[in-house]
Amino acid sequence: MGGTFDPIHHGHLVAASEVQHRFGLDEVVFVPTGQPWQKEDRQVTAGEERYLMTVIATASNPRFSVSRVDIDRGGLTYTVDTLRDLWRIHGPDCELYFITGADALEQILSWRNAEELFELAHFVGCTRPGHALTDVGLPEGKVTLVEIPALAISSSECRQRVAAGEPIWYLVPDGIVQYINKRHLYVED
Ligand code: ATP
Ligand code: MG
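Residues numbered from 1 in each chain as written. Chains lettered and ligands numbered in written order. Predicted model: local features only at pLDDT ≥ 70, side-chain atom pairs only at ≥ 80, totals over all residues.

Caption draft 1: The sheet that holds strand E1 (residues 2-3), seen in detail. Here we have 3 strands laid out as an open sheet, ordered E1-E2-E4, and parallel in their pairing. Edge strands, defined here as strands with exactly one partner in the open sheet, are E1 and strand E4 (64-66). Note: E1 against strand E2 (residues 28-32), 2 bridges, orientation parallel. Each residue of the ladder has a partner; that of Gly 2, found in E2, is Val 31. Sitting on the sheet, helix H2 (residues 47-58) is in contact with E2 and E4, with an inclination near 155° to E2. (Pairing = 2+ DSSP bridges. Helix = DSSP H or I, 4+ residues; strand = E, 2+ residues; numbered from the N terminus. Contact = placed C-beta atoms within 7 Å. Axes fitted to C-alpha atoms, helices over the stretch in contact; angles between N-to-C directions.)

Caption draft 2: Highlighting the site of ligand 1. The immediate surroundings of ligand 1 are formed by 19 residues, with Gly 3, Gly 11, Gly 101, Ser 155 and Ser 156 found nearest. Residue assignment for the shell around ligand 1 shows that the elements contributing at least two residues are helix H1 (10-23), strand E6 (97-101), helix H5 (102-106) and helix H7 (155-163). Looking at the shell around ligand 1 residue by residue, the classes come out as 7 nonpolar, 9 polar and 3 charged. (Near = placed C-beta within 6 Å. Nonpolar A, V, L, I, M, F, W, Y, C, P; charged D, E, K, R; others polar.)

This is the structure:
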């Protein structure tokens, strides 16, 4: 599951859990992005902080793990590189599913090496409230849409709430509230 995870929230975790269950996946690997090219217009929190928050949020689930491939590669993250790295690590015996949100899926055809992407992985698009999917001509049999129990949570809203001094308890795991607090993330200093 790729994402910026700035910060990771219960929407991400519910989506991962739901897709794991639906497809009977052995493992969901969360892959925090490097500097995401779709978000060049805003300052993204340091990869190391986003990586640690993702570890904290997923640690208790035996089927969840976190990969550093995008953060360690550095530079802009392209999904084709992520999948090539995961393929290298997990080998040809492993069937890869790339889990992403409906919004990201809509941009899928604009991604670099779109044809190769579909050879490397099956794509799972998660829908969430306010992100209705439009038919963008995705290849047959390579993409599955999964409706996630409605959790209208976004990282943007979590960041805005922290900046405004509003609580994010229960939108993100407790450890994430505490980590954000400890590291003074999302507040102007
Ligand atoms: P931002 O508000 O900064 O864009 P985000 O909440 O969308 O952050 P990302 O890290 O960009 O979080 O999310 C990774 C993927 O998870 C995205 O493709 C997104 O659509 C999906 N996602 C995020 N929140 C939810 C949610 N509440 N339910 C289902 N999918 C979600
Ligand atoms: Mg988003």
